[in-house]
Amino acid sequence: MSFIPWSSALMLGIPKIDAQHQVLVELINALHDELAKPAPARTTLAEVLEGLVDYTHNHFIEEEVMFQRYGYPQTTAHTAEHSQFTAKAMDWLMRFEDGEDINLEALDFLKDWLLHHILQEDRAYVPFLQEAIAAHAPSLSIS
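Residues numbered from 1 in each chain as written. Predicted model: local features only at pLDDT ≥ 70, side-chain atom pairs only at ≥ 80, totals over all residues. Heavy atoms only, no water.

J.: Describe helix α4 (residues 104-136), listing the residues and the values that go with them.
T.: With 33 residues, α4 should cover 48 Å at 1.5 Å per step; its first-to-last C-alpha distance of 45 Å lies within 8% of that length. Its axis deflected by about 40° at His-117, α4 carries its strongest bend there. You can read the cap of α4 off the contacts: a side-chain oxygen lies 3.0 Å from the backbone nitrogen of Glu-105, and it is on Asn-103. (Helix = DSSP H or I, 4+ residues; strand = E, 2+ residues; numbered from the N terminus. Expected span 1.5 Å × (residues − 1). Bend = angle between axes of the 7 residues up to and from the residue. Polar contact = N/O pair within 3.5 Å; in protein donor to acceptor, adjacent residues only side chain to side chain.)

J.: Describe the environment of Ile-133, with residues and values.
T.: With respect to the helices and strands, the residue Ile-133 is situated in helix α4. Overall, the relative accessible area of 7% leaves Ile-133 in the buried class. The spatial distance from the C-alpha of Ile-133 to the C-alpha of Tyr-70 is 7.3 Å, given a sequence separation of 63 residues. (Buried < 20%, exposed > 50% of the residue type's maximum accessible area, 1.4 Å probe, protein only.)

J.: Quick rundown of the packing of helix α1 (residues 15-35) against α4? Include the residues and the values.
T.: Angle between the axes and distance between the axes are the two parameters that describe a pair of packed helices. Here α1 crosses α4 at 170°, and the two axes come no closer than 10 Å. Between α1 and α4, the interaxial angle falls into the category roughly antiparallel. Together, Ile-17, His-21, Leu-24, Val-25, Ile-28, Leu-31, His-32 and Leu-35 of α1 and Leu-107, Leu-110, Leu-114, Ile-118, Asp-122 and Tyr-125 of α4 make up the contact between the two elements. Taken together, the residues of the contact of α1 with α4 sort by class into 11 nonpolar, two polar and one charged. (Axes fitted to C-alpha atoms, helices over the stretch in contact; angles between N-to-C directions. Parallel < 35°, antiparallel > 145°, perpendicular 65-115°, else oblique. Contact = heavy atoms within 4.5 Å. Nonpolar A, V, L, I, M, F, W, Y, C, P; charged D, E, K, R; others polar.)

J.: Tell me what's going on with a negative patch on the surface, and back it up with residues and numbers.
T.: Among the surface-exposed residues, Glu-47, Glu-50, Asp-54, Glu-97 and Asp-98 lie close enough to one another that they form a single negatively charged patch. Ranked by residue count, the leading element in the negative patch is helix α2 (residues 42-70), at three residues. Here Glu-47 lies in helix α2. In this structure Glu-47 comes out as exposed when scored by relative accessible area, which is 57%. (Patch = residues over 30% accessible without salt bridge, like charges linked within 9 Å, V, L, I, M, F, W, Y side chains within 5 Å. Areas by Shrake-Rupley, 256 points an atom, 1.4 Å probe, with all protein chains shown as cover. Salt bridge = Lys/Arg side-chain N within 4 Å of Asp/Glu carboxyl O. Lys, Arg positive; Asp, Glu negative; His and termini not counted. Charge placed at Lys NZ, Arg CZ, Asp CG, Glu CD.)

J.: Talk me through the side chain of Glu-81; I want residue IDs and the actual numbers.
T.: Structurally, Glu-81 is set in helix α3 (residues 75-97). For Glu-81, which is buried and forms no salt bridge, the nearest opposite charge comes from Lys-88, at a distance of 13 Å. Here the side chain of Glu-81 touches His-117 through a polar contact of 3.0 Å, side chain to side chain. Leaving out residues up to four positions away in the same chain, Glu-81 has contacts with Trp-113, His-117 and Glu-121.

J.: So what's going on with the side chain of Asp-122? Residues and values would help.
T.: By the secondary structure assignment, Asp-122 is in helix α4. Among buried charged residues, Asp-122 stands out as having no salt bridge; its nearest opposite-charge side chain is Arg-123, 9.1 Å away. Here His-78 takes part through its side chain, which lies 3.0 Å from a polar atom of the side chain of Asp-122.

J.: Before we move on, can you summarise the nonpolar core with the specific residues and values?
T.: Of all hydrophobic cores here, the largest spans 40 residues; its most connected members are Ile-28, Leu-31, Ile-102, Leu-110 and Tyr-125. No other element matches α4, which puts 11 residues into this core. Every residue in contact with Leu-31, bar those within four places of it in the chain, is listed here: Leu-45, Val-48, Leu-49, Leu-107 and Leu-110. (Core = buried A, V, L, I, M, F, W, Y, C linked by side-chain atoms within 4.5 Å.)

Interpretation note: all reported values are geometric properties and have no functional meaning in isolation.
See the structure below:
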């Protein structure tokens, strides 16, 4: 069983965002799988951590571009959450690169944060974006 099983409950109905969220889940699962080994490989952990930080950063940019394009009123608060997460993830990566180990506390944080963010924070913007897109250009898609 996966550390974070992907399910339809995590889907927002925005194909591009859902696909990105699925990759984030896969990266956290890969980090978990490596940490669960008797002797986790630091090179593998570094690759997964770097990939997670990079991919998350790019995902946040895509969300924020959508918010700006359609005038999402909660952009500032949502972007602040993105910034806080990015800072924490970068701190873990830098400490790991300086020789510290990644522990289960970090893994639990990643899981809890991602699930909360998708199920609460991201789900909150879906009705607004669907309405805004329909009102501005019914032929446009957010996928």
